[in-house]
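Residue strings, one per chain:
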Amino acid sequence: MLETFTLSDDIDLPKKRRDFSGYKVTDIRAAVHTERVNIFINDKFFCSLDISQVVDLKIKVGRELSEEELFSLKRASEFSKFYSLALEYVFLRPHSRKEINDYLVRKTLDRKVRVKNRKTGEYQTKIKQGYDKSLVPLVLQRLDDRGYLDDERFAKLWVENRNVSKGVSQKKLRNELLQKGIATHIIDKVLSNTSRSDEDELKKVVAKKRNRYTDEQKFIQYLLRQGFNYSDILDELSSTESSE
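Everything quoted here is computed from the prediction, not taken from an experiment.

Draft legend 1. How the structure looks around the sheet that holds strand 2 (residues 36-41). Spatially, 3 strands are ordered 1-2-3 in an open sheet, and the strand pairing comes out antiparallel. Strands with a single pairing partner mark the edges of an open sheet, and in this sheet they are strand 1 (25-30) and strand 3 (44-50). Mean inter-strand twist for the sheet, computed between neighbouring axes without regard to direction, equals 25 degrees. Where strand 1 and strand 2 come together, 5 bridges link them in antiparallel fashion. Across the sheet, residue Ile28 finds its bridge partner in strand 2, namely Ile39.

Draft legend 2. Just the pairing of strand 5 (residues 123-128), in detail. Note that strand 4 (residues 111-116) and strand 5 share 6 bridges and pair antiparallel. By the bridge assignment, Val113 is partnered in strand 5 with Lys126.

Draft legend 3. Representation of the packing of helix 6 (residues 170-179) against helix 7 (residues 184-193). Helix 7 packs onto helix 6 with a crossing angle of 145 degrees between their chain directions and a minimal axis gap of 10 Å. When you trace helix 6 past helix 7, the crossing you get is right-handed. Contact with helix 6, carried on its side by Gln170, Leu173, Arg174, Leu177 and Leu178, involves Thr184, Ile187, Asp188 and Leu191 of helix 7 and no other residues of that element. Residue classes in the contact of helix 6 with helix 7 are distributed as 5 nonpolar, 2 polar and 2 charged.

Draft legend 4. Structural context of a negative patch on the surface. A cluster of acidic residues, Glu199, Asp200, Asp232 and Asp235, forms a negative patch on the protein surface. Elements supplying a minimum of two residues to the negative patch: helix 8 (198-209) and helix 10 (230-243). Inspection of the secondary structure puts Asp232 in helix 10.

Draft legend 5. Representation of the confidence of the model for the protein chain within the structure. When pLDDT is averaged across the protein chain, the result is 88; 90% of the residues are at 70 or more. Mean pLDDT across the elements of the protein chain ranges from a minimum in helix 10, with 84, to a maximum in helix 3 (residues 97-106), with 98. Low pLDDT (under 50) marks residues 1-20, which in the prediction has 41 contacts with non-local residues, meaning those over four places away or in another chain.

Draft legend 6. Focus on the packing of aromatic side chains. Tallying each qualifying case throughout the model produces 9 aromatic pairs. Centroid distance Phe40 to Phe45: 5.9 Å. Interplanar angle 75 degrees. Geometry classified as edge-to-face. Taken together, the aromatic side chains of Tyr213, Phe219 and Tyr222 make up a single cluster linked through ring pairs. Arg29 extends its terminal NZ or CZ atom over the ring of Phe40, reaching a point 4.1 Å from the ring centre. Sitting over the ring of Phe46, Lys74 keeps its end group 4.7 Å from the ring centre.

Draft legend 7. Quick peek at the side chain of Ser169. On the secondary structure map, Ser169 appears in the loop between helix 5 (151-161) and helix 6. Owing to a relative accessible area of 0%, Ser169 belongs among the buried residues under this scheme. Of note is the side chain of Ser169, whose polar atom sits 3.1 Å from the backbone nitrogen of Lys172. Within the structure, the side chain of Ser169 is placed 2.4 Å from the backbone oxygen of Gln226, a separation counted as a polar contact. Excluding its chain neighbours within four sequence positions, the residues that come into contact with Ser169 are Asp198, Gln226, Gly227 and Phe228.

Draft legend 8. Spotlight on the packing of helix 2 (residues 67-92) against helix 4 (residues 136-145). One can describe the packing of helix 2 onto helix 4 by two numbers: an axis separation of 10 Å at closest approach and a directional angle of 55 degrees. By the angle between their directions, the pair helix 2 and helix 4 is classed as oblique. Of the two possible hands of crossing, helix 2 and helix 4 adopt the one that is right-handed. When helix 2 is examined against helix 4, the residues Arg75, Phe79, Phe82, Tyr83, Ala86, Leu87 and Val90 are found in contact with a partner set consisting of Val136, Leu138, Val139, Arg142 and Leu143.

Draft legend 9. Layout of the pattern of salt bridges. Applying the stated rule across the entire model yields 17 salt bridges. For Asp132, the salt bridge goes to Arg75, with nearest N and O atoms at 2.9 Å. Here Arg75 lies in helix 2 and Asp132 lies in the loop between strand 5 and helix 4, a separation of 57 residues in the sequence. When its relative accessible area of 9% is taken as the criterion, Arg75 is described as buried. Taken together, the shared-partner salt bridges in this structure form one network comprising Arg93, Glu99 and Lys180.

Cut-offs applied
- Sequence order as written defines residue numbering, which begins from 1 separately in each chain.
- Two thresholds apply to this predicted model, a pLDDT of at least 70 for residue-level local features and 80 or more for giving and counting side-chain atom pairs, whereas whole-chain, interface and lining totals are computed over all residues.
- Calculation of side-chain values draws on the structure's entire complement of heavy atoms; hydrogens and water are dropped beforehand.
- Strands were regarded as paired on the criterion that DSSP finds at least two bridges between them.
- Runs of H or I in DSSP of at least four residues are treated as helices and runs of E of at least two as strands, each being numbered from the N terminus.
- Lines fitted to the C-alpha atoms define the axes, with helices restricted to the stretch that makes contact. Angles between their N-to-C directions range from 0 to 180 degrees.
- Left-handed is the label given to a crossing in which the near helix is rotated counterclockwise from the far helix by less than a right angle, and right-handed is the label when the rotation is clockwise.
- What makes two residues a contact is simply this: any of their non-hydrogen atoms within 4.5 Å.
- Under the grouping applied here, Gly and all other residues not named as nonpolar or charged are polar, the nonpolar ones being Ala, Val, Leu, Ile, Met, Phe, Trp, Tyr, Cys and Pro and the charged ones Asp, Glu, Lys and Arg.
- Here a patch means residues that are over 30% exposed by relative accessible area and free of salt bridges, tied together within 9 Å if like-charged and within 5 Å if nonpolar (Val, Leu, Ile, Met, Phe, Trp, Tyr).
- A 1.4 Å probe and the Shrake-Rupley method give the accessible areas. Residues count as covered only by the protein chains that appear here.
- In the sections that follow, a salt bridge refers to a side-chain nitrogen of Lys or Arg positioned within 4 Å of a carboxyl oxygen of Asp or Glu.
- Under the convention used here, Asp and Glu are negative, Lys and Arg are positive, and both His and the chain ends fall outside the count.
- Charge placement uses NZ in Lys and CZ in Arg. For Asp and Glu, CG and CD serve respectively.
- pLDDT: the predictor's confidence for each residue, scored from 0 to 100.
- Each pair of aromatic rings taken from Phe, Tyr and Trp, with Trp reduced to its six-membered ring, is defined by centres within 6.5 Å and is described as stacked if the planes are under 30 degrees apart, edge-to-face if over 60, and tilted in the remaining cases.
- Either the NZ atom of lysine or the CZ atom of arginine qualifies as a charge over a ring when it sits within 6 Å of the ring centre and within 35 degrees of the ring normal.
- The cut-offs for exposure are 20% and 50% of the maximum accessible area for each residue type, with area from a 1.4 Å probe on protein chains only; residues under the lower value are buried, those over the upper are exposed, and the others partly exposed.
- Counting of polar contacts relies on pairs of N or O atoms within 3.5 Å, with two restrictions inside protein: one atom must be capable of donating a hydrogen and the other of accepting it, and residues adjacent in sequence are counted only when both atoms are side-chain atoms.
- Reported orientations rely on four angle classes, namely roughly parallel under 35 degrees, roughly antiparallel over 145, roughly perpendicular from 65 to 115, and oblique for the rest.

Right under this line is the structure:
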């Protein structure tokens, strides 16, 4: 069921709609190249909605709307577009909650876009307005309700799939997850349950990178920057030298 959106002081109707003497749904048309439908108020396009929203909000031709209902309709339209955009991002690849939140916040910013003038064929620069910032927590809540925000699941996928063939230390994995906003207790839990060990990961890195370094000290410094323990590095290098 679609959330009920209340009238917000910072949501306003476009000025060209202010000449409405009354608000009546005069047409509902299928949108082109999308599953949304276009809603016309007083014979003028007003907004588009998901088909499910049309049903939930009981929108039908001939229905009269109050100004508050019109505001809510506009907000519901923006929410559904914003949520659809968030889903595209979520399904692109696994993301942490912080990554998704940061993405949504970026989408609230106005940005410059190049638009082709249909009459002249020339491109013009226009400002595309960002989404309403107050919708961000609503979109996040919907994603959370649907099970799309799961930092523990994300952390498990990250740990088990990150540089599997190349090797990566637990220290580096920890730092990467911290940067992605994963809570420390989740990182501790995931790393404690992984089958990956620094000993095995170090072997992978040494086997892959050793021939690139003629100076062993520089190679040791590189391995230290990758988060491996100094004594483990010396043991591994000594072991590989003796086996050659």
